[in-house]
Amino acid sequence: MKYLLYAFVMVLPAIGLAQNRTVSGKVTSAEDGSALPGVNVLLKGTTEGTVTDSDGNFSIEVKGPAGTLVFSFIGLKTAEVELGNQVYVDLKMQTDINQLTEVIITGAGERDKNSYTGSITAVGADKIENRPVATVDQVLQGSVPGLQLSASSGTPGSVQNIRIRGRSSITAGNEPLYVIDGIPVYTGENDVSTSTSGLSVLSSLNPNDIESMSVLKDATATAIYGARGANGVIIITTKKGKAGKPLVSFSAQTGFVSRAVEGPKMLNAAQRDELYYESLVNAGYASSIDEAKTEYPSSWDGVTDTNWGDVLTNDDAKTASYDISVRGGNDRSNYYSSVGYFKQDGVNVGSNYKRITGKFNVTTALGKKISLENATTGAYSLQNGQLEGAAYFGNSELGKLFLSPWDKAYNDDGTINTDLSSSVFNPLYIAANDINRKRQVRAMNNTVLKFDITDRLRFTSSLGIDYIVTDELYYDNRIHGDGVDVDDDGNDGASYAYMNRNFNWVWKNMLDYSIEIGSQSKLAFKAIYEAQKNKYYTIGTGGIAIAADGLYYPSSVATPDFASGYENDWAINSITGMVNYAFSDRIFVDATLRGEGNSRFAPGNRWGTFYSLGASWVLSREVFLSGISWLNLAKLRGSYGRTGNAAIDLNEYQSFLTYDGSYGGSAAVYPDQLGNDQLSWEKSNSWNLGVDAELFGRITATVEYFNRTSYDLLLDVPLSRTTGFTSQYQNVGEMVNKGIEASINVDVIKTQSFKWTVGGNITSLNNEVTKLPKTSDGDEIGIVGTTQIVTEGEAAYTWNLKTWAGVDPTTGAPLWYVNGHSGETTSTYSKATAVTQNASALATLYGAVNTYVEYKGIYLSGSLYFSGGNKVYDQWAGYTQSDGRYTFTYNAYARQYDRWQQAGDISENPKNVYGNTSNSNAASTRRLYDGDFMRLRDVTIGYNFPKSLISAFKLSNLGIYVRGTNLWTHVSDSNLEFDPEVKPDGELDLTAPPLKSVVLGIKLDF
């Protein structure tokens, strides 16, 4: 007996070991046999689980002799497989047409796209990751219909300007709201200087940490954010953990950057010398070229021919990034953590950008009814910028245009030449010896507590904070540049420093209640209270006269001449109610009502009421269409709503006194701002009508019509001078934006080994000012600038210029049309009348075409962006296309060589005259260009190694790629030599241009 017992004891562990086994397998699509990555695999009744890798493979430890595996994935039917004695599972998962085809992120959480009534476009991680850009919003260009993007500068880290469905305001803000992990965050810049490269706070985000970006466009989608969402909302959702064993991911890329468009060619030394002597003869200073050379010799040595465009370009500009992350979890908790490093040089000497980021997201169940989520982001950014945006004499972009080719960049001994023939400084010396530095630290945290009070009632509370600290240092050296004789009294060197802090917090509390009425109707209610406060503080100091080199900070200046410090804040309180109704999963209604108070307005006008109503009908789920096998989805939707815009300067409603006056030698106080306690919200009424369709299981398409009427717009209204003021802000204007968006995506070929997808989107946009205030005499009160006008019946800030008529072939004099665009001409500038040019800076047609091809792991993707219908204006051509007026103080465009020389000449430019006084270089359509262009925005070719080759190295995924950004640009106007992608004001400015990049990258998971 004891021997039997002994045998049983010895065998028992073996039985236990036999019951523990590893089950592996592969999950594929039943539709086309392709591998399905990211499928959740869970051992039923336990917390043990994993997810399939990029090839659809999985492996899981199973305890016990049997068990059931549960496979689930959004859009697919959940499958259960009883294991029995199986150790390998080959599962083909079926599409669930009744399930959500796509989950979208809205302001109220996740929604089934087929049931949603609003207008949202989502951009997934596959279009965001591993893009060589310093600010993540750059990836949206061409990916979202209705969205236009342009950079304020090409300097890495600079602000990107985004417009969603046009402009909603004439004088207030037009930028969208950004929401990161549920926090409506501070955007734009957190710095003081306007003379150097701006540093976008969005540059603190690592694109590889982002799961998706959702662009909310109509009233239904943005209503939950109230007035903050008047210009659209961009929701950025970062990555979270997933159930299964830890997945470690690493990616790296390195490459080169350059100018996307080279820019204008300038006169070379010989051409400038020829034009110089010719201009003297034409001006009457000499009777012949030989006489001009004798009497007025140029400073050219006959040898030097400096191409300043080449000299000031950073030929070795590089970009690189390195990221590592880990994610994992089980059915109760999950986590995602990452660290990233990014570096990018600017195309101009001395400019660069660096960023270090850290990310940690965790979600955990504290019990059956309570869960906690926390998302934390930390980032450090450093930007060494440049003077730009205006005619700063140390600006590299100005130097490329203005510096003389007769001047050497370097002396014969190799030192930088500072003895130039013009007042423009040598940017090489400025880049090497001045400091234009911005450093930024940003910390964001959002904590969310969810409590399921009952099966139908949930309470959610979230607290988000966004803290940004930016320090700035600007140092002008004592030897060459702006720091020389800075006060016209012999003092050299200057240093100024600033410290800026911005703290933003948002506290949101929500109650969600859902109920079913009968078998077909579902109702969901949401009540939200939200409070937000933003506080900004800045302090700065500086001065002039620095005793020695190497003393960079204001503490070393002998003469402090600047000290400043102030703080401001604003706050929002709101109560929102939302109702969602669904009937038989076919008809859906969403309604929102929001009351919002904003401290930017006077106490009596701080509260506004905004609302939206949206409805959709999924026709394809109706019985009368159920027999059409090729129609997978047909959906009609529409929405209407009213939103507000509070993006105005602080304290505009208040009257101010200024205390820096003097009278009779004593301090004095005087009125500075006439407030308006009736100042209130700008408002918009928005329509949106849309059709969504899916055909043959391969084609998805959307067409939308939008119409937004903005009214009570803020404009500066003239006042009687008896008030002591010339004007006052009032709510008086009206404007309309309307247009059509369309997008399509086609799976041309979709097999297990070969995939080919083609898609695209297009937007047409019409902007029109429909109402402006009138004077007592009935005259329109608009905005008339040097080059643009705001007037009824035209787009906001339509170009308003005298129309260039060319060159008189008999005399070589400049010509303008006297009235309008044709007819009588004149060579006297003052006799021509400025007229609207039927175009503004806002593009009226834009979109993109994209494709993706993959064959056995090799893939190619490309995106071509196009934009047009707008015009851009060269505001500095008054100097560089002056026909002799400034040509020999500064340099000129090489196009100036095509000039009138004798009677009968048909030329681009008028007669070249030294000190030209004909006003040929004055503001006119001569400097206005068509802004139409096409750009090869992104091209990627790569290879994903098969698992059979990499499994021996314990890798679950390995891919390599080469990616090009902005590789090719076609500009329709042959005379426009600058990059056509300019700021929203449409003016070609002296800023760094957009970048072209080529990078080599690798990504792997293990």
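Residues numbered from 1 in each chain as written. Predicted model: local features only at pLDDT ≥ 70, side-chain atom pairs only at ≥ 80, totals over all residues. Heavy atoms only, no water.

I'd like to hear about the overall build of the protein, residue by residue, with values.
Scanning the protein from N- to C-terminus turns up nine helices and 51 strands. The burial tally for the protein puts 53% of its 1006 residues in the buried class. Expressed as a percentage of contacts within the protein between residues at least 6 apart in sequence, the contacts between residues at least 24 apart total 69%. Summed over its atoms, the accessible surface of the protein is roughly 43,200 Å², and 56% of this surface lies on carbon and sulfur atoms. (Helix = DSSP H or I, 4+ residues; strand = E, 2+ residues; numbered from the N terminus. Buried < 20%, exposed > 50% of the residue type's maximum accessible area, 1.4 Å probe, protein only. Contact = heavy atoms within 4.5 Å. Areas by Shrake-Rupley, 256 points an atom, 1.4 Å probe, with all protein chains shown as cover.)

Please give an account of the side chain of Ser924 that cites residues and values.
Examined against the element boundaries, Ser924 turns out to sit in the loop between α8 (877-880) and β46 (928-930). Classification of Ser924 as buried rests on a relative accessible area of 0%. Look past the residues within four positions of Ser924 in its chain and what remains in contact with it is Leu801, Lys802, Trp804, Trp816 and Tyr873.

Explain the packing of aromatic side chains to me, using residue names and the numbers behind them.
Centre distance and the angle of the planes are the two values used to describe a pair of aromatic rings. Under the definition given, this model contains 36 aromatic pairs. For the ring pair Tyr322 and Tyr341, a centre distance of 6.5 Å and an interplane angle of 20° mean the geometry is stacked. One end of the pair, Tyr322, is in strand β18 (residues 318-329); the other, Tyr341, is in strand β19 (residues 333-345), with 19 residues separating them in the sequence. Residue class for Tyr341 comes out partly exposed when judged on its relative accessible area of 30%. Centroid distance Trp804 to Trp816: 5.8 Å. Interplanar angle 80°. Geometry classified as edge-to-face. (Phe/Tyr/Trp six-rings, centres within 6.5 Å; stacked < 30°, edge-to-face > 60°.)

Account for unusual backbone geometry, with residues named and values stated.
A positive phi is found at Ala545, a non-glycine position, where the angle reads about 75°. Secondary-structure assignment places Ala545 in strand β25 (residues 521-546). One non-glycine residue, Asn919, lies in the positive phi region at around 65°. Position of Asn919 among the secondary structure elements: in the loop between α8 and β46. Residue Asn919 is classed as partly exposed on the basis of its relative accessible area of 29%.

Give me the lowdown on the confidence of the model for the protein, citing residues and values where you can.
Here the protein shows a mean pLDDT of 91. Residues at 70 or above account for 97%. Element-level mean pLDDT values for the protein span from 40 in helix α1 (residues 2-19) up to 98 in strand β40 (residues 814-817). Here residues 1-18 is modelled with pLDDT under 50, and outside its nearest four sequence neighbours on either side it reaches zero contacts, counting other chains as well. (pLDDT = per-residue confidence, 0-100.)

A description of the pairing of strand β48 (residues 957-965) should follow, citing residues and the corresponding values.
Of all the nine residues making up β48, seven are buried; the element is thus mostly covered by neighbouring parts of the structure. Strand direction decides the pairing type here: β48 and strand β51 (residues 995-1005), joined by nine bridges, are antiparallel. Paired with Val962 across the two strands is Leu1000, which belongs to β51. (Pairing = 2+ DSSP bridges.)

Give me the lowdown on the UniProt feature "domain: TonB-dependent receptor-like beta-barrel" (unreviewed entry) in the protein, citing residues and values where you can.
Mapped onto this numbering, the UniProt entry gives "domain: TonB-dependent receptor-like beta-barrel" (unreviewed entry) at residues 411-949. Secondary structure over residues 411-949 splits into 3% helix and 58% strand, and the C-alpha atoms at its two ends are 58 Å apart. (UniProt positions renumbered as here; feature names shortened; annotations may be inferred.)

An account of a negative patch on the surface is needed here, citing residue identities and associated values.
Together, Glu262, Asp310, Asp315 and Asp316 make up a region of like negative charge exposed at the surface. Mapped onto the fold, Asp315 is located in the loop between α5 (308-311) and β18. (Patch = residues over 30% accessible without salt bridge, like charges linked within 9 Å, V, L, I, M, F, W, Y side chains within 5 Å. Salt bridge = Lys/Arg side-chain N within 4 Å of Asp/Glu carboxyl O. Lys, Arg positive; Asp, Glu negative; His and termini not counted. Charge placed at Lys NZ, Arg CZ, Asp CG, Glu CD.)

Report on the pairing of strand β35 (residues 754-771), specifying residues and quantitative values.
Bridge analysis of strand β34 (residues 727-750) against β35 gives 16 bridges, and the strand direction is antiparallel. Within the sheet, the bridge partner assigned to Val746 lies in β35 and is Val758. Hairpin connection between β34 and β35: a loop of three residues separates the two successive antiparallel strands. As judged from the eleven bridges shared by β35 and strand β43 (residues 845-855), these two strands associate in the antiparallel manner. Counted as the bridge partner of Thr763 is Tyr846 from β43.

Can you tell me about the environment of Gly697, naming the residues and giving the values?
Along the chain, Gly697 turns up in the loop between β32 (682-695) and β33 (699-718). For the pair Gly697 and Arg259, spaced 438 residues apart in sequence, the C-alpha to C-alpha distance is 42 Å. Once residues within four sequence positions are removed from consideration, Gly697 is found in contact with Glu31, Asn632 and Asp747.

Before we move on, can you summarise the sheet that holds β40 with the specific residues and values?
Neighbouring strands of a sheet are bound in pairs by backbone hydrogen bonds; such pairs are parallel or else antiparallel. Strand order in the open sheet formed by three strands is β39-β40-β41, with antiparallel pairing between adjacent strands. Every other strand in the sheet has two partners, leaving β39 (804-807) and β41 (825-826) as the edge strands with one partner each. As paired strands, β39 and β40 are joined by three bridges and run antiparallel to one another. Residue Trp804 lies in a different strand from β40, and its bridge partner there is Trp816.

Help me get a handle on the sheet that holds strand β1 (residues 21-29), residues and values and all.
A sheet is described by the order of its strands in space; here three strands give the open sequence β4-β1-β7, paired in mixed fashion. Two strands lie at the open edges of the sheet, namely β4 (57-62) and β7 (88-93), each paired on one side alone. Ignoring which end each strand starts from, the neighbouring axes of this sheet average 25° apart. For β1 and β4, the ladder comprises six bridges, and the chain directions are antiparallel. Bridge pairing in β4 places Gly25 opposite Phe58. (Axes fitted to C-alpha atoms, helices over the stretch in contact; angles between N-to-C directions.)

Any chance you could break down the environment of Asn676 for me, citing the residues and the numbers?
By the element assignment, Asn676 lies in the loop between β31 (666-673) and β32. The spacing of Asn676 and Gln728 is 52 residues in sequence and 7.4 Å in space, taken between C-alpha atoms. What Asn676 contacts, discounting residues up to four positions off in sequence, is Glu652, Tyr653, Gln728, Tyr729 and Gln730. A polar side-chain atom of Asn676 sits 2.8 Å from the main-chain carbonyl oxygen of Tyr729. (Polar contact = N/O pair within 3.5 Å; in protein donor to acceptor, adjacent residues only side chain to side chain.)

Outline the pattern of salt bridges, supporting the account with residue identities and numerical values.
By the definition in use, this model includes 40 salt bridges. Ionic pairing is found between Arg458 and Asp452, a salt bridge with its closest N-O pair at 2.7 Å. Its relative accessible area of 33% is what places Arg458 among the partly exposed residues. Close ionic contact of Glu596 with Arg594 constitutes a salt bridge, the shortest N to O distance being 2.8 Å.

Summarise the UniProt feature "domain: TonB-dependent receptor plug" (unreviewed entry) in the protein; cite the residues concerned and give the values.
Look at the UniProt record and you will see "domain: TonB-dependent receptor plug" (unreviewed entry) annotated at residues 113-233. Between the C-alpha atoms that bound residues 113-233 the distance is 17 Å, and the span itself is 3% helix and 24% strand.

Can you tell me about a nonpolar patch on the surface, naming the residues and giving the values?
On the surface, Ile587, Trp617, Phe624, Leu636, Trp687, Leu689, Val691, Val703, Tyr705 and Ile740 cluster together into a nonpolar patch covering about 900 Å² of accessible area. Elements with a contribution of two residues or more to the nonpolar patch: β32 and β33. When residues in the nonpolar patch are grouped by element, the largest group, three residues, is from β32.

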